[in-house]
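Each chain, letter by letter, is given below.
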Protein chains: 4
Amino acid sequence: MCSEKATSKFKQLRRSYGFDEVAIVPGDITINPEQTNTDFQIGDFTFPIPIVTSAMDSVVDVNFAILLGKLGGLAVLNLDGIQARYENPAEILAEIARTPDAEVTALMQKVYTEPVKENLVGDRVRAIKKAGVVCAISLIPASTKRLSPVVAEAGADILVVQSTVTSARHISRSYRGLIFSEMLKQIPMPIIVGNCVSYSACLELMRTGISGVLVGVGPGAACTSRQVLGLGVPQITATIDCAAARDEYHRETGKYVPIITDGGFHKGGDVCKAVAAGADAVMLGSNLAQAKEAPGLGYHWGMSHPHPALPRGTRIKVGTTGTLERILLGPTSITDGSQNLVGALRTAMGFCGAATIREMHEAEMVIAPAITTEGKYWQMAQRH
Amino acid sequence: MCSEKATSKFKQLRRSYGFDEVAIVPGDITINPEQTNTDFQIGDFTFPIPIVTSAMDSVVDVNFAILLGKLGGLAVLNLDGIQARYENPAEILAEIARTPDAEVTALMQKVYTEPVKENLVGDRVRAIKKAGVVCAISLIPASTKRLSPVVAEAGADILVVQSTVTSARHISRSYRGLIFSEMLKQIPMPIIVGNCVSYSACLELMRTGISGVLVGVGPGAACTSRQVLGLGVPQITATIDCAAARDEYHRETGKYVPIITDGGFHKGGDVCKAVAAGADAVMLGSNLAQAKEAPGLGYHWGMSHPHPALPRGTRIKVGTTGTLERILLGPTSITDGSQNLVGALRTAMGFCGAATIREMHEAEMVIAPAITTEGKYWQMAQRH
Amino acid sequence: MCSEKATSKFKQLRRSYGFDEVAIVPGDITINPEQTNTDFQIGDFTFPIPIVTSAMDSVVDVNFAILLGKLGGLAVLNLDGIQARYENPAEILAEIARTPDAEVTALMQKVYTEPVKENLVGDRVRAIKKAGVVCAISLIPASTKRLSPVVAEAGADILVVQSTVTSARHISRSYRGLIFSEMLKQIPMPIIVGNCVSYSACLELMRTGISGVLVGVGPGAACTSRQVLGLGVPQITATIDCAAARDEYHRETGKYVPIITDGGFHKGGDVCKAVAAGADAVMLGSNLAQAKEAPGLGYHWGMSHPHPALPRGTRIKVGTTGTLERILLGPTSITDGSQNLVGALRTAMGFCGAATIREMHEAEMVIAPAITTEGKYWQMAQRH
Amino acid sequence: MCSEKATSKFKQLRRSYGFDEVAIVPGDITINPEQTNTDFQIGDFTFPIPIVTSAMDSVVDVNFAILLGKLGGLAVLNLDGIQARYENPAEILAEIARTPDAEVTALMQKVYTEPVKENLVGDRVRAIKKAGVVCAISLIPASTKRLSPVVAEAGADILVVQSTVTSARHISRSYRGLIFSEMLKQIPMPIIVGNCVSYSACLELMRTGISGVLVGVGPGAACTSRQVLGLGVPQITATIDCAAARDEYHRETGKYVPIITDGGFHKGGDVCKAVAAGADAVMLGSNLAQAKEAPGLGYHWGMSHPHPALPRGTRIKVGTTGTLERILLGPTSITDGSQNLVGALRTAMGFCGAATIREMHEAEMVIAPAITTEGKYWQMAQRH
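Overview of the structure. (Residues numbered from 1 in each chain as written. Chains lettered and ligands numbered in written order. Predicted model: local features only at pLDDT ≥ 70, side-chain atom pairs only at ≥ 80, totals over all residues.)

### Re the relation of the copies chain B and chain A
Between the two copies of this chain, the relationship is a rotation about some axis together with a displacement along it. Once chain B has been moved 0.1 Å along the axis and rotated by 90°, it coincides with chain A to within an RMSD of 0.1 Å. Considering both components of the superposition, the chain copies are consistent with a four-fold axis. (Least-squares fit on C-alpha atoms with pLDDT ≥ 70 in both.)

What follows is the structure in structure tokens.
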């Protein structure tokens, strides 16, 4: 106390936590994993599995969106990317996949100078809708005004508007920023907005009337935002803070606006930790790019929301590890948590006695640092 | 204070500690190691050394159980494993030991499809009892109801029922969970149950009337439970919390139910730390698999309580480092703490002035992180 | 509370933080980076970009000082170095650059035995002034009295007096220390003094009437001061403490004396963090030695304030990575934060809604440790 | 508060700190290093430099003891080692130095079975006294009663009695422990006793009337005590706690009993940190074994206080880096802090404005973890 008062003239720093620094405590009651319910909702749409894709060309095309929709998750199609620029995107994607490393940056730069075409934007949306699944699409802020009527007319269900940091109030002399409350009047569909990381920024975004918030800015120490700008909040703290905003907004208005933790995932268990910290769903990229059905053909590139300091187009080989169904629902013989993500979540919920995602938000968590030393003779003893 | 109130709308995280993060402080009084008493009790049975084995095929067979019993510890024979499936388990164990790495998984899968035989279950128990030592056996929850009458009739003394996370209340629509209070009426022997890690879960388990609790879920950052499910509590905190439950239950009822810390051990000193944190005994696996008399013949495999996400049967070469007696009681010239475990515990108790395990529970501990940098010129100076 | 009282007879340690341990939290309002203002002031001089150079021979010569001045920053010319010892310093610098590693120490020792010449001191100052930019020069304490009239007469604008640790009160029997208040009466120019790291030392220095304070002693665990003397404070805490002193002095006197964080920078984002912690500007060395225009020709050596325990002259190859303009203002395709430093600062300020450096001092920061584990399948997911 | 009360049924752990986790903060006043005084006292003896040797055969023989005494420090001759077992110890030491690694353990075992001879004990003491320096000798507890009259008669000045953990009250049925208060009546010289690490244990030891306390049990995470027994306290916390005991004892009795921090040193700056934490002197081993005059001839072995779990005699090559004078007083061109230890201490004292060791005890310290990441472009910037 005394020391706190004595130091009050100094800037105060709050401790924050990332995935690697926490763990979930099993509950006093346990429940059969089969009896858990992992539903989450955006507006009036309900999704049985709380997995949302990053809006990346290497992850989502029309087929992938339909497949994930049928499995119960939500794919977000990037309408600023290859799918909206080329009549035959598969051809371009195959070319990217077969181009040697030394030439791929030049190819990428060429590929993304082709303009976005409004007719393709409409076609993609209609193709997904025709399959009977919910269609979510992503637009960059600069083209939101122009393209959102097109996607609305084509029948898109959910709009995702994403940039590195999004606030409800943006100050600019040179252009008029997105005013979400205005946008919501013009566009007759739920909007997911992001990214943000703090209680107050998240609460302000929710008060504009949007239907979902993406959580995550510079989540890891190795993130570009953290390295270049010094900016970021580890994901457990960001999720806890935004979950508190969601709960406050729920108390205020009776409306429950889900938060989706986006980025910072290292291990399979991190999905469980995000949900225990308060996430209603998680947004995944590279893990899904490893699916047999992913359009990247074993490669992954692009940022969900690039900014000028970041050159676009670094292509990374992630390989193909299994079908999307196996990655999400198993069965698997891989024990690193990269497959059967939903099964792992159900098991963790079972061990915490949580029948629903919102009950899982109540699970106890501890701070449990990741650092361990290796012991030669004792290594097996810790394997459970 | 103020800051705590201000943040009370946010989920709170409690700091937890593992073995590597703490150390024991020597006492104001010291005592000769020879004068310390390391007894612990399960029901009416007293064991002079507080070492319990993991119920693993590579660690315990009838001979090992008799040997450890005579040395003063408690071996737990796994009656869901090779000993209960094969008339001549030594033959199978030798086959596993001589099979090349590439073929061993296939062999394991075959070995464990052979059914458990009730007559072998009875034979094993009788063989141990005939040698005059306490007989503890482990059953998986699914076969507990069927086999516990058999083991009781054969004369088993202690039953161990173990799964990754055990709670006193399990919810299931598809099957009726184990109700420990009912089981205790049917089975006339002390039951050790686990695993759990929290104060409340441990207290609830004790209130069912069981005679011992195994402590440990995902103790280390590299544990599968922690990586895949995000679940776990470092062992010092888990032990401190369950010890508090034991003490509370003791205050409430006058009954002292021991807790046994299971897993997470890296170094020999971790056994001392577990006891100082409140453990009445420790459960060891791979370290004992290195004994000359271990049935695994220098190999170790299997989990004490596998779950579906974990493929069974990874075989690890641990080697044979000495007799069981040397590992437990010395003498030894090895300084990494993997031998003379009980001698090390007695020495630590002596330095803390603790004449008994329960006095050792009162030893002061400090948080003392494991991270150190290496100093070229100074390295020797720290060697005591 | 109780525990604090109970331990009050023990020496208390305050937790301190370095760059790697903290991160900046985005604000509730965002602002266009183009609308941010990064001005800082020394005395009556205003600099549009808050970058000050270390006074090192490998970083600053007359041309570099003019160039940086025109770009908006402040170069500090070392008048104890090569520029003040040789008529034609470029010749010496080229010789250092082309000398093999094995011979360079001997060369360095020879180079720095040539005496400083008063006429060259004057010439260098006049050359910089002739170009119309602000001229800051550095003198070592021992020659301050002798040379400060010379530089004043030549028209220098700002004097930098720097040693490892500087206090307002130095006790010596053998020589009379610098009394800054006396010096200020004799020398008609703003003086920047350093280095210091604590609230009270900084406040005392400001009360002598000086115009700027350099912050930083042994900032990193690998610093020589820290390793040899055990001395140092991590830069975030040092900056926060000295910023509090500046604010206190401002409240007391109405005078705003800027603080300049010097040293400890690892990544580009650290500049943003220093400013968010309270710095008005940052002092950079090796990063600027990489500029095409740097006199070190791709090499870097020397300390801004060597002390006897440190042998002078270790030459390190840093390479040439781009023009000074590109390093400071971009554009860049390098994503490690070593280029476009001012652009990164503006972007960070934009994300925090800070229109000025002093508004950026109000940005929220969190403690967010740098340690992370690498996840094979999940690595891309964290890249934003 | 609330959370503390809520958790009071749980064992509490206090945070402790090692050398790598702290740093010294420069003072508001600075002082010329030449004007600092580093005296410390044992009984009525005053030593100008606060360096005590470990009582090891590889560090101290008669010549080394005389040399260190003349330089101002205090060597402790081990009278349980080679010097007291062999008429011509130099011969034995040379044999150890030239024996190959594979054969040295066998040699060591043979060397240390030769009995200690009372006449040699006396000879060694007399040889040191003849040179006119203070003579400190070390006896193991088991031979203290037998040999202390011999050393007293020969004129020894200071007796060191050391074991891993020493308490004022030792309980044993098999033998009667050392009662320091009784010993002090029999032996007419100051006694230094150790090792201990806690406030209460140190205070009890001081109350027996002894003249110095050695501080340090299992100081580092890699220490054998810590690894095998789980026992130990990092040295900064141990030193702070024992310094508080010294100050309390001083308040109670007016007697100032110095504490000597022994072990855990990694870097040269650690000596400065130990003193700032409250040490009156430091005990060094391997660093001094590197002196040209050390009897180990570039090798180092043995523990100052071995215990049964530790096999004696591991020989480590430490090399010979310079004269003892250079290691203690410089000058040096080595920047890792392994040379000019006293010069570094004086410089640190100067930066803290501390004229004496006891003033240095008042220096402010911060917790400043050792972990840093390496930055490619920024590495030079942190080098001061």
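The discussion continues.
### Some points on the sheet that holds strand β17 (residues 365-367) of chain A
Sheet architecture is open: three strands sit in the order β2(A)-β17(A)-β1(B), paired in mixed fashion. Unpaired on one side and paired on the other, β2 (22-24) of chain A together with β1 (14-15) of chain B mark the two borders of the sheet. Alignment of β17 of chain A against β1 of chain B, held across two bridges, turns out to be parallel. Looking at the pairing, I367 of chain A lines up with R15 of chain B of β1 of chain B. Across the face of the sheet, helix α12 (residues 269-277) of chain A comes into contact with β2 and β17 of chain A while running at roughly 80° to β2 of chain A. (Pairing = 2+ DSSP bridges. Helix = DSSP H or I, 4+ residues; strand = E, 2+ residues; numbered from the N terminus. Contact = placed C-beta atoms within 7 Å. Axes fitted to C-alpha atoms, helices over the stretch in contact; angles between N-to-C directions.)

### Some points on unusual backbone geometry
Cis geometry marks the peptide bond from G330 of chain B to P331 of chain B; its omega dihedral reads 0°. Positionally, P331 of chain B belongs in the loop between α14 (324-329) and α15 (341-351). Along the chain, G194 of chain C connects to N195 of chain C via a cis peptide bond; the corresponding omega equals 5°. When you line up the elements, N195 of chain C lands in strand β11 (residues 191-196).

### Comments concerning the sheet that holds strand β9 (residues 158-162) of chain B
All names here are of chain B. The eight strands are arranged β6-β14-β13-β12-β11-β9-β8-β7 in an open sheet whose pairing can be described as parallel. Of all strands in the sheet, those with a lone pairing partner are β6 (51-53) and β7 (76-78), marking the two edges. Direction aside, the axes of adjacent strands within the sheet are offset by 30° on average. On top of the sheet, helix α7 (residues 141-154) reaches β8 (136-139) and β9; it is set at about 145° to β8, its chief contact.

### Some details on the interface of chain B and chain A
Each partner contributes residues to the interface: chain B has 66 residues there, and chain A has 55 residues. Looking at the side of chain B that touches chain A, the element that brings in the most residues is helix α10 (residues 224-229) of chain B, giving six residues. By residue class, the composition of the side of chain B that touches chain A is 27 nonpolar, 28 polar and 11 charged. Alignment of strand β3 (residues 29-31) of chain A against strand β10 (residues 169-171) of chain B, held across three bridges, turns out to be parallel. (Nonpolar A, V, L, I, M, F, W, Y, C, P; charged D, E, K, R; others polar.)

### Observations regarding the pairing of strand β9 (residues 158-162) of chain A
All names here are of chain A. The element β9 is largely enclosed, with a buried count of five among its five residues. Side-chain alternation along β9 places I158, V160 and Q162 on one buried face and L159 and V161 on a second face that is also buried. Bridging between strand β8 (residues 136-139) and β9 involves four bridges; their strand directions are parallel. Across the sheet, I137 pairs through a bridge with L159, a residue of β9. (Buried ≥ 20, exposed ≤ 12 C-beta atoms within 10 Å, placed from the backbone.)

### A short note on helix α6 (residues 118-130) of chain B
All names here are of chain B. Here α6 is 13 residues long and its end C-alpha atoms lie 18 Å apart, about the 18 Å a rise of 1.5 Å per residue gives. Those residues of α6 not exposed but buried are V121, R124, V125 and I128. Buried residues of α6, viewed axially, fall in a sector of 95°; they line one side. In α6, the exposed positions angled more than 90 degrees off the buried face are occupied by N119 and K130. Each element contacted by the buried residues of α6 is listed here: α2 (62-71), β7, α3 (82-85), β8 and α7. Where α6 ends, the next residue or the one after it, G132, has phi of about 85°, a positive value. (Expected span 1.5 Å × (residues − 1). Arc of directions from axis to C-beta.)

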